[in-house]
Amino acid sequence: MMVLPDFQLVRPSSLSEALSALAENPGAMPVAGGTDLLVSMKHGLFSPTHLVDLKGAPELHHLGVGEEGATIGACVRLSRIKDHPLIRTRYRALSQAAEAVASPPLQNRGTLGGNVCLDTRCYYYNQSDFWRRSLGGCLKKDGPICRAAPAAKRCFANFSSDTVPALIALGARVRLVGGPNGVKSERTLPLEEFFVEDGIKRNVLLPGELVADLHLPPAENLLSGYRKYRQRASIDYPLVSVAVAFQVREGRIREARVAVGAMASSPVLALETMEVLEGALPAPELLASAAELVTKRTKPVGNQAGSPGHRRLMARVMCRRLLKELLEAGPL
Amino acid sequence: MSREFQWIGKPTVRYDGVARVTGQAQYTDDLRLPGMLVGKILRSPHAHARIRSIDTSKAEALPGVKAVATGQDAPVAYGILPVSEDEYALAVGKVRFVGDEVAAVAAVDEATALRALSLIVVDYEVLPAIFDPYEAMVREDVKIHEETRVANIERKASLSFGDVEAGFGEADYIREDSFFKGAATHAPIEPHSSLAHFQDGKLTLWTATQVPHYLHRYLSKVLELPQDRVRVIKPALGGGFGGKGEPLPLEFAASILARKSGRPVKITYTREEVFLTHRGRHPMHMKFKTGVKKDGRITALHFESLLDGGSYGSYGVVTLYYSGQLLTGPYVIPAYSFDAVRVHTNKPPCGAQRGHGGVQPRYGFEVHLDRIATDLGIDPLEIRLKNAMESGTRTVNELRITSCGFRECLERSARKVSWEERRGKLPKGRGLGIAGGFYICGAGLPIYFNPLHHSNARIEADRSGRVTVFCGASDIGQGSDTMLALVAAETIGVSPESVKVVSADTDTTPVDLGSYSSRVTFMAGNACHAAALEVRNRLLAAVAEEHGVSVEDLEIRGQAVEVPTSPPKILSFAEAVMLAEVRGGPVCGSGGYTPPILAGKYRGAGVGPSPAYSFGAHVAEVEVDTETGEVRVLRLVAAHDLGRALNPPAAEGQVEGAAVMGLGETLYERNEFVKTGQHESPSLLEYKVPTALDVPDIEPILVESLDPEGPFGAKECGEGSLHPSIPAIVNAIYDAVGIWLHEAPISPEAVLKALAAKKAGSREQGAGSRT
Ligand SMILES: Cc1cc2nc3c(=O)[nH]c(=O)nc-3n(C[C@H](O)[C@H](O)[C@H](O)COP(=O)(O)OP(=O)(O)OC[C@H]3O[C@@H](n4cnc5c(N)ncnc54)[C@H](O)[C@@H]3O)c2cc1C
Ligand code: SF4
């Protein structure tokens, strides 16, 4: 067995209580489902003084889908998202992504907020304390160099969340609350701006700040989907994933958004692919050229199973297949 | 046995089934004793280093720490094979892989034990490490074990049978191929766990082991305690597959700590430690050269293997010999030779894993055979049928083949998938592949030389009407307790539910050598059958005497004895027991089993002979995604000749499990190390055991060849069925997309690379020549 390090569990019953608890204890960390954090704590990657359990805050459990879009609280479980009939029909990419996370038991426990705030991953990092020490650690934890790319000055750990590429393709905005400016402070930003291409920093969250919820724009005429490439058909994190969303108006592709996951320390918007798609007539040649460009902005390093070259190739295959499937299926 | 079976051949509920599925079974880690301490092991962070000194004083001073142990507490070498006793309970002088055991502590709780580990100061002199077996063969400047004479070669074996030169001379076609089969590990669901307790100078060790008897001997040796002061008990166990098949460091460490602290000590490995303990499949580099006649009949075979043994001996010398000795079936090979080498490298030790020794060569040979068939334009099924061995024969290396249902395995598995109509004719991307295999039913010789029975059983029928089997056999989840109950029940005539089994406790059960080499049903089954016959005979003699009838006219059915007096009488089984008890005291029977003398006269002949062999043939149907390189197994038909299916659902479970394990080794599982020697994926998240979604319905076919010496005709079914699954899948990939894969495990990248090479028309690996 591996033991959890000692910590104090705080169980607030509202969002403001949670924010206060975080503000009062600089060594505290928020926990939702714990499916990512507790594993990492057993590996000795984090040793918070307090864990602030967010699940008791009713504000974070809201899930609403309407004409004006959808709002999903940070503590909504992935299985609830996956099974929600309106998310299934209107925001298919998100439902598919939630279904692709880990395995059903983990979807029952893991939350959307936890998935958005997921730590980045790397072969040299997601290991036991013994393992990492025997190697001398790495930039992200206790060491002088990056083991995956020793010449580099930064960490390339992978951001492997399944739902995030889908949320970004769907145009999600994230609402953050609390932080050093007080428990009342609040800001909302496009989800892609939440992330930072740096395996250590990961995102713009400030100390004590929380993800409160995510908002999706209305889903009119929206086609979307998510594809994940992994070794086994369940449990595994993505080696690469692609999410696509667009509308078809008067026979043309409009407002195309394509996001690539698990290829960098943050999700990547495939701007070149989006540009080719925008306003185009859906034709097979177009799909191929659009898919070719999907890896233009990604340069993964060898810190996951599968070589970087293979993962990039798979991104292109997943993208082409997904585009083809969406265009063939047409609007629901 | 001429009468119809009451229970055999029908589904019997597992002896421990309800307890297991309701969570009531007590595994070692579930056990708690008053005052129990938690033990933890300090491991080497270096792949290869000399230990200059160990300072444990700070750890000892930590409140809550009750004992600290190092190699000096028990500097007695051991190893499962007497020819390679090269391990210590805890390192003495040197460490040889990242994770090698250096010291151990017992403390009041886990956190304290872990803190204590961090306070132990070890001064290492780091040495250069070797990870590549070819390098290990030649590096004289780096010696992983000082004792090896040439570089890091632990052992070589070369044997030759028949006239190999003439065999190749006679061939119309000769082909040579090389293969590499990478490492795999057992990944049992239950991590290793041991609980040691010293009382009145006597050690009791509850432990997750497949081999209580061998462990008993080695505990006595290493702890320098007389054997009668050591007791080994195996509680419910959650999967072994060979990974719990030898004495392991935690078993000694827990015992040493319990002795030092005077309190019970439990050590349960973390998942990472299970991976580091390993003893799994050897990575094997292999070369095959086979000569055949035009019609595909084999005339000669030469084989070479290089085994990457990792840091210690473990079962390696046996693996080495098996790699060569088990290629002389299931096809008739008139002339054969092999050269095998096992080297040490600075990785966790490799040892025995399900299908031990034969799995890697089987993969290579069956693919090699398909290549020969393809070269000659012969159907893969046909070339196998043409060369298939038969019952009542001897192989060129003198293995005695009693029963053999190989031909039936081939025919039935092929028929099940409509081989003739479909092979080679499926749409591109889909394909069928076939492969054969065979395996031992226990080794002909024990691991240490002794003339005693390999299996023993004692059975007592008591006046409550209950029958109790006492047997050392270790049920590791494969169901040997159920087998014992069933064999005893059928032999005596009572129902299996009324039979109690006491097993795997060295104080109370007679010796069985353990659960390895697929020996338990055959050997313990035979011992149990013999003991049960004694009980039955005593009972029937007493009833016959009491009622003045002849023994031949009596029959025990269920819980009753039918007495053909007029009018006929029905005695309860308990009444019959009482009649026997009145006449001669407790109604006991005992039996043992020793295999006949089977080994040939040559040196090395001890590895390979078995009282019987199982046979198998698998057909895989696969789909290859030529854009991603992913291979999906759509069907796996697994025919297995197990002599007789004593309990068909249990046998099917074994066949399915073995086939799934083979599938995992073929497509998913990689047991590799980063370049500084750390295990690449020591978790069940990153070590890719296939999930339920990655595995098709396995379609088992049980072929019953009725072995003349097996209990009720039974042979093994736990391991043999792993052998054909790997090459069947690889051969199916060829049928699907026209590529041969000479390395396993097969990654999607490797498939894409081979497809690209094929498209570019590059020269293929391996070559054949007409003579
Ligand atoms: C075996 C296994 C396989 C997995 N496979 C996948 C996979 O395929 N795809 C995938 O995406 N994930 C996978 N995961 C990771 C994890 O299960 C999911 O990402 C899950 O959604 C995390 O949610 P959680 O609520 O459990 O997060 P937690 O573990 O509770 O938290 C994760 C991180 O987010 C922070 N956090 C949580 N909520 C908030 C909030 N509201 N505001 C700010 N910070 C917050 C925590 O402090 C922590 O750092 C896997 C995990 C395991 C154990
Ligand atoms: S990418 Fe480099 S720095 Fe980041 S976790 Fe991996 S090894 Fe460490």
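Since we're looking at a predicted model, the values are computed, not measured.

**Let's talk about the overall build of chain A**
Along the backbone of chain A there are 13 helices and 12 strands. Computed over C-alpha atoms, the radius of gyration of chain A comes to 20 Å, within 12% of the 20 Å expected from 2.2 N^0.38 for 332 residues, which places it in the range of a compact globule. Overall size of chain A, expressed as C-alpha extent along the three principal axes, is 60 × 45 × 35 Å. Classification of the 332 residues of chain A by burial places 55% in the buried group.

**Describing the overall build of chain B**
Within chain B, the regular secondary structure consists of 19 helices and 30 strands. Taken over C-alpha atoms, the radius of gyration comes to 27 Å for chain B, in line with the 28 Å a tight globule of 771 residues would show. Its C-alpha atoms put chain B at 85 × 75 × 50 Å along the principal axes. For chain B, the residues scored as buried account for 66% of the 771 residues in total. Within chain B, contacts between residues at least 6 apart in sequence are counted, and of these 80% link residues at least 24 apart. Only carbon and sulfur atoms are counted for the fraction: they give 52% of the accessible area of chain B, which is about 26,400 Å². Computing the positive centroid from 82 side-chain charges and the negative centroid from 95, chain B places the two 2 Å apart.

**Some words on the pairing of strand β21 (residues 499–503) of chain B**
Sheet faces and side chains relate simply in a regular strand, where the side chains alternate between the two faces. All names here are of chain B. Along β21, the buried face is formed by Val-499, Val-501 and Ser-503; none of Lys-500 and Val-502, which line the opposite face, is buried. Of the pairings in the sheet, the one linking strand β20 (residues 467–471) to β21 comprises five bridges and is parallel in character. Note that in β21 the partner of Thr-468 across the bridge is Lys-500. At this point the chain moves from β20, through helix α14 (residues 480–492), to the parallel β21, and the crossover so formed is right-handed.

**Observations regarding the interface of chain A and chain B**
Taken together, the contact pairs 30 residues of chain A with 37 residues of chain B. Across the contact surface, chain A and chain B share five salt bridges. A salt bridge links A:Arg121 to B:Glu686, with the shortest nitrogen-to-oxygen separation between them at 3.9 Å. The tally of links from chain A across to chain B stands at 13 residue pairs in polar contact (both at pLDDT 80 or more). Looking at which element gives the most residues to the side of chain A that touches chain B, the answer is helix α13 (residues 308–329) of chain A, with seven residues. When its residues are assigned to classes, the side of chain A that touches chain B shows 16 nonpolar, eight polar and six charged.

**Some words on unusual backbone geometry**
All names here are of chain B. Pro-330 follows Gly-329 through a cis peptide bond whose omega is -5°. Going from Ser-566 to Pro-567, the amide bond is cis rather than trans, its omega being 0°. One can find Pro-567 in the loop between β23 (560–563) and β24 (569–572). The residue Arg-279 is not glycine, and still its phi comes out positive at about 65°. In this fold, Arg-279 is placed in the loop between α8 (271–277) and β13 (284–292). The residue Ser-517 is not glycine, and still its phi comes out positive at about 55°. Structurally, Ser-517 is set in the loop between β21 and α15 (520–547).

**What to know about the site of ligand 2**
Among the 13 residues in the neighbourhood of ligand 2, the closest are listed as A:Cys122, A:Cys138, A:Cys146, A:Cys155 and A:Phe156. Taken together, the residues of the shell around ligand 2 sort by class into 10 nonpolar, one polar and two charged.

**Looking at the domain arrangement of chain B**
Residue and element names in this part refer to chain B. Along its sequence, chain B is carved into domain 1 (17–24 + 453–593), domain 2 (31–127 + 190–238 + 244–277) and domain 3 (284–445 + 601–762). Here domain 1 and domain 3 have C-alpha centroids that lie 38 Å from each other. At the interface, 19 residues of domain 1 touch 24 residues of domain 3. Taken together, both faces of the contact between domain 1 and domain 3 bury some 1,500 Å²; the carbon and sulfur share is 66%. Its largest share of buried area at the contact with domain 3, domain 1 owes to Ser-517, Ser-518 and Phe-522, together 38% of the area lost on that side. Scanning the region where domain 1 abuts domain 3 turns up zero salt bridges. Inspection of the region where domain 1 meets domain 3 yields six residue pairs in polar contact (both at pLDDT 80 or more). Going through the elements one at a time, α14 and α15 are the ones with two or more residues in the side of domain 1 that touches domain 3. Here the side of domain 1 that touches domain 3 is built from residues that sort into seven nonpolar, 10 polar and two charged.

**Focus on the site of ligand 1**
Neighbouring ligand 1 are 34 residues, the closest being A:Pro30, A:Gly34, A:Thr35, A:Thr111 and A:Asn115. This site is not confined to one chain, since residues near ligand 1 come from chains A and B. Interatomic distance of 3.0 Å between a backbone N/O atom of A:Ala102 and an oxygen atom of ligand 1. Taking A:Asp162, its side chain carries an N or O atom lying 2.7 Å from a nitrogen atom of ligand 1. Considered on its own, ligand 1 offers 970 Å² of accessible surface; in the complex 94% of this is hidden by protein. Put simply, the parts of the chain that give the shell around ligand 1 at least two residues each are β2 (28–31), α7 (112–116) and β8 (209–216) of chain A. Its residues assigned to classes, the shell around ligand 1 comprises 20 nonpolar, 10 polar and four charged.

**Some details on the sheet that holds strand β9 (residues 222–229) of chain A**
In a beta sheet, neighbouring strands are held together by backbone hydrogen bonds and run either parallel or antiparallel to one another. All names here are of chain A. Read from one edge to the other, the open sheet built from four strands follows the order β9-β10-β11-β12, with strand pairing classed as antiparallel. Across the chains shown, the open sheet's two edge strands, defined by having one partner strand only, are β9 and β12 (268–269). For β9 and strand β10 (residues 240–249), the ladder comprises eight bridges, and the chain directions are antiparallel. Paired with Tyr-226 across the bridge in β10 is Ala-243.

**Some points on the sheet that holds strand β7 (residues 186–190) of chain A**
Residues and elements named next belong to chain A. An order of β4-β5-β8-β6-β7 is seen for the five strands of this open sheet, with the pairing classed as antiparallel. Two strands close off the open sheet at either side, each with one partner strand: β4 (63–66) and β7. Looking at each pair of strands side by side, their axes are set apart by 20° on average, direction ignored.

**What to know about helix α9 (residues 316–325) of chain B**
Burial within α9(B) is extensive, with 10 of its 10 residues counted as buried. Listed in full, the buried residues belonging to α9(B) are B:Gly316, B:Val317, B:Val318, B:Thr319, B:Leu320, B:Tyr321, B:Tyr322, B:Ser323, B:Gly324 and B:Gln325.

**Re the pairing of strand β10 (residues 202–207) of chain B**
Residues and elements named next belong to chain B. Of all six residues making up β10, five are buried, and the element is well covered by its neighbours. In this sheet, β10 lies alongside strand β9 (residues 193–199) in antiparallel orientation, the contact comprising six bridges. Residue His-197 lies in a different strand from β10, and its bridge partner there is Thr-204. Linkage of β9 to β10, two consecutive antiparallel strands, is achieved through a turn of two residues, within which Asp-200 is found at a positive phi near 50°. Summarising the sheet, β10 and strand β11 (residues 230–233) pair through four bridges and their orientation is parallel. Directly across from Leu-205, in β11, lies its bridge partner Val-232.

**A look at the pattern of salt bridges**
All names here are of chain B. Evaluated as defined, the whole model comprises 75 salt bridges over all chains. Residues Glu-366 and Arg-362 are paired through a salt bridge, measuring 2.8 Å at the closest nitrogen-oxygen approach. Linking Glu-366 with Arg-362, this pair stays in helix α10 (residues 359–376), spanning four residues, or about one helical turn.

**So, the packing of aromatic side chains**
Residues and elements named next belong to chain B. Enumeration over the complete set of coordinates arrives at 24 aromatic pairs over all chains. Here Tyr-331 and Phe-406 contribute two aromatic rings whose centre-to-centre distance is 5.5 Å and whose plane-to-plane angle is 75°, an arrangement assigned as edge-to-face. One end of the pair, Tyr-331, is in the loop between α9 and β15 (336–343); the other, Phe-406, is in helix α12 (residues 406–416), and 75 residues separate them in sequence. A relative accessible area of 0% places Tyr-331 in the buried class.

**Here's the deal with the side chain of B:Arg423**
Checked against the element boundaries, B:Arg423 lands in the loop between α13 (419–422) and β18 (430–440). Apart from residues no more than four positions distant in its own chain, B:Arg423 is found in contact with B:Asp379, B:Pro380, B:Leu432, B:Tyr734 and B:Asp735.

**Some remarks on the packing of helix α17 (residues 648–667) of chain B against helix α18 (residues 725–737) of chain B**
All names here are of chain B. Packing of α17 against α18 leaves a shortest axis separation of 8 Å and a crossing angle of 55°. Classified by the angle their axes make, α17 and α18 are oblique. You can see that α17 and α18 cross each other, and the crossing is right-handed. Two secondary-structure elements touch here, α17 through Ala-658, Ala-659, Gly-662, Leu-663, Glu-665 and Thr-666 and α18 through Ser-725, Ile-726, Ile-729 and Val-730. Here the contact of α17 with α18 is composed, by residue class, of six nonpolar, three polar and one charged.

Criteria and cut-off values
Residues numbered from 1 in each chain as written. Chains lettered and ligands numbered in written order. Predicted model: local features only at pLDDT ≥ 70, side-chain atom pairs only at ≥ 80, totals over all residues. Heavy atoms only, no water. Helix = DSSP H or I, 4+ residues; strand = E, 2+ residues; numbered from the N terminus. Rg over C-alpha atoms; globule rule 2.2 N^0.38 Å. Buried < 20%, exposed > 50% of the residue type's maximum accessible area, 1.4 Å probe, protein only. Contact = heavy atoms within 4.5 Å. Areas by Shrake-Rupley, 256 points an atom, 1.4 Å probe, with all protein chains shown as cover. Lys, Arg positive; Asp, Glu negative; His and termini not counted. Charge placed at Lys NZ, Arg CZ, Asp CG, Glu CD. Pairing = 2+ DSSP bridges. Right-handed = clockwise from strand over helix to strand, strands pointing away. Salt bridge = Lys/Arg side-chain N within 4 Å of Asp/Glu carboxyl O. Polar contact = N/O pair within 3.5 Å; in protein donor to acceptor, adjacent residues only side chain to side chain. Nonpolar A, V, L, I, M, F, W, Y, C, P; charged D, E, K, R; others polar. Near = heavy atom within 4 Å. Domains from an automatic or database assignment. Buried area = accessible area lost by both parts, 1.4 Å probe. Axes fitted to C-alpha atoms, helices over the stretch in contact; angles between N-to-C directions. Phe/Tyr/Trp six-rings, centres within 6.5 Å; stacked < 30°, edge-to-face > 60°. Parallel < 35°, antiparallel > 145°, perpendicular 65-115°, else oblique. Left-handed = near helix turned anticlockwise from the far one by under 90°.

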